[in-house]
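# Structural overview
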Amino acid sequence: MAEKFLALESTAVPLPVENVDTDQIIPARFLKATTRDGFGENLFRDWRYDAGNQPVASFVLNNPAYSGKILVAGKNFGSGSSREHAAWAIFDYGFRAVVSSFFADIFKNNALNNGLLPVQISAEFLTKIFTEVEKDTETKIRIDLEKQEITLLSTGEKELFDVNPYKKTCLLNGYDDIDYLLSIKDEIELYEKNK
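Residues numbered from 1 in each chain as written. Predicted model: local features only at pLDDT ≥ 70, side-chain atom pairs only at ≥ 80, totals over all residues. Heavy atoms only, no water.

Approximately 530 Å³ is the volume found for the largest pocket. Residue lining of the largest pocket: 27 residues in total, with Ala2, Glu3, Phe91, Asn114 and Gly115 positioned closest to the centre. Of all the elements in the fold, those that place two or more residues in the lining of the largest pocket are β1 (7-15), α3 (85-93), α4 (105-113), α6 (165-173) and α7 (177-183). When the residues that make up the lining of the largest pocket are grouped by side-chain class, the tally is 12 nonpolar, 4 polar and 11 charged. (1 Å grid on protein atoms, 1.4 Å probe; cavity = no way out; pocket = protein on both sides within 12 Å on 5 of 7 lines; lining within 4 Å. Points joined across faces, edges and corners; volume = space filled by probe spheres on them. Helix = DSSP H or I, 4+ residues; strand = E, 2+ residues; numbered from the N terminus. Nonpolar A, V, L, I, M, F, W, Y, C, P; charged D, E, K, R; others polar.)

In structure tokens form, the structure reads like this:
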């Protein structure tokens, strides 16, 4: 059983870059591991470090002013290959939600399968969030999964977002697919008995 995701209130890390693909999220050379652990250290590896393995000061994850459990990303986040490792790397780094105006479908499903909530909002609201976070690095965002609502706490502006109902149930309860089936075991047995 995983950690339950009910509501998240956190500062955010802004990555206003469009068309971020899974190879930029976690380069292919780091995909040799068979467990989910340790991928966070190589999240955005080629953007975070130069050829000499030194941190790139201008990259947002290397800026100590920004922190939090919410990654705010540009449009079309998670495009490219279907590697599940991209969601693993983001989660392992410490993010629990990614906010964008558009996600690649496979990335969105991989994220939901791994306890990472993709929150798709309008382009206008995304711009407002980037503006507020860049103006004040302590700006907080609240994501309420039950209400399917994201709130920019500095202004009070909010927007609803969609999430797959089955995956919502799993996240709210900390279930993976097997945990979910076990949770409805009695209903399955009753159905089988009455067939």
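Core analysis: the biggest nonpolar cluster contains 52 residues, and Phe77, Phe107, Leu117 and Ile143 have the highest contact counts within it. Once residues within four sequence positions are removed from consideration, Phe77 is found in contact with Leu15, Val20, Ile25, Phe44, Leu71, Ile90, Val98, Ser100, Phe102, Phe103, Ala104 and Phe107. (Core = buried A, V, L, I, M, F, W, Y, C linked by side-chain atoms within 4.5 Å. Buried < 20%, exposed > 50% of the residue type's maximum accessible area, 1.4 Å probe, protein only. Contact = heavy atoms within 4.5 Å.)

Turning to the pattern of salt bridges, a few remarks are in order. A full pass over the atoms with the stated rule returns 7 salt bridges. Put simply, Lys135 and Glu132 hold a salt bridge, and the shortest N to O gap is 3.1 Å. Note that Lys135 and Glu132 are positioned in helix α5 (residues 123-135) at a spacing of 3 residues, about one turn of the helix. Judged by its relative accessible area of 60%, Lys135 falls in the exposed class. (Salt bridge = Lys/Arg side-chain N within 4 Å of Asp/Glu carboxyl O.)

What follows deals with the pairing of β1. Counting buried residues along β1, 7 of its 9 residues qualify, which places the element largely inside the surrounding structure. Where β1 and strand β5 (residues 140-144) come together, 5 bridges link them in antiparallel fashion. In the strand pairing of β5, Glu9 is matched with Arg142. The pairing of β1 with strand β2 (residues 70-73) spans 4 bridges and is parallel. Residue pairing for β2: Ala12 is matched across the bridge by Ile70. (Pairing = 2+ DSSP bridges.)

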